[in-house]
Amino acid sequence: MLDAPALIYANSVPGRDEETTQENYASVCCAIHNMALAAVAEGLVLDWSTGSVTKHPQLSEALGAEGD
């Protein structure tokens, strides 16, 4: 994963309640989907994953992202 020519790491933050948390998640999904459409329009290939690699306990640290 760290050898990919480009990597976009996106996450949503919890909201003040369940509805806002779900809205934040949906907004991030929409943004990623729009970026994916733009990438394909430019002839790029991509993979969108929410699988096991995204659950690694040190992923944020490895990518230089803030843990929270």
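Further up the page is the structure itself.
Below you will find a few notes about this structure. (Residues numbered from 1 in each chain as written. Predicted model: local features only at pLDDT ≥ 70, side-chain atom pairs only at ≥ 80, totals over all residues. Heavy atoms only, no water.)

So, the state of the cysteines
- Going through the model one piece at a time under the given rule, you end up with zero disulfides.
- The closest cysteine sulfur to the non-disulfide-bonded Cys29 is located on Cys30, 7.0 Å from its own sulfur. (Disulfide = S-S within 2.5 Å.)

Observations regarding a negative patch on the surface
- Together, Asp17, Glu18, Glu19 and Glu23 line one region of the surface with negative charge.
- Along the chain, Glu19 turns up in helix α1 (residues 18–41). (Patch = residues over 30% accessible without salt bridge, like charges linked within 9 Å, V, L, I, M, F, W, Y side chains within 5 Å. Areas by Shrake-Rupley, 256 points an atom, 1.4 Å probe, with all protein chains shown as cover. Salt bridge = Lys/Arg side-chain N within 4 Å of Asp/Glu carboxyl O. Lys, Arg positive; Asp, Glu negative; His and termini not counted. Charge placed at Lys NZ, Arg CZ, Asp CG, Glu CD. Helix = DSSP H or I, 4+ residues; strand = E, 2+ residues; numbered from the N terminus.)

Describing a nonpolar patch on the surface
- On the surface, a nonpolar cluster with roughly 290 Å² of combined accessible area is contributed by Val40, Leu46 and Trp48.
- Of note, Trp48 is situated in the loop between α1 and α2 (59–63).

Observations concerning α1
- With 24 residues, α1 should reach 34 Å at 1.5 Å per residue; the first-to-last C-alpha distance of 35 Å fits that figure.
- Buried within α1 are the following residues: Thr20, Ile32, Ala36 and Ala39.
- In this structure Asp17 caps α1, since a side-chain oxygen of it lies 3.3 Å from the backbone nitrogen of Glu19.
- Immediately beyond the C-terminal end of α1, within one or two residues, lies Gly43, with a positive phi of roughly 85°. (Expected span 1.5 Å × (residues − 1). Buried < 20%, exposed > 50% of the residue type's maximum accessible area, 1.4 Å probe, protein only. Polar contact = N/O pair within 3.5 Å; in protein donor to acceptor, adjacent residues only side chain to side chain.)

Concerning the environment of Gly15
- Among the structural elements, Gly15 can be located in the segment before α1.
- On the basis of relative accessible area, Gly15 is assigned to the partly exposed category, the value being 27%.
- Contact partners of Gly15, with chain neighbours within four places excluded, come to Thr20, Thr21 and Asn24. (Contact = heavy atoms within 4.5 Å.)

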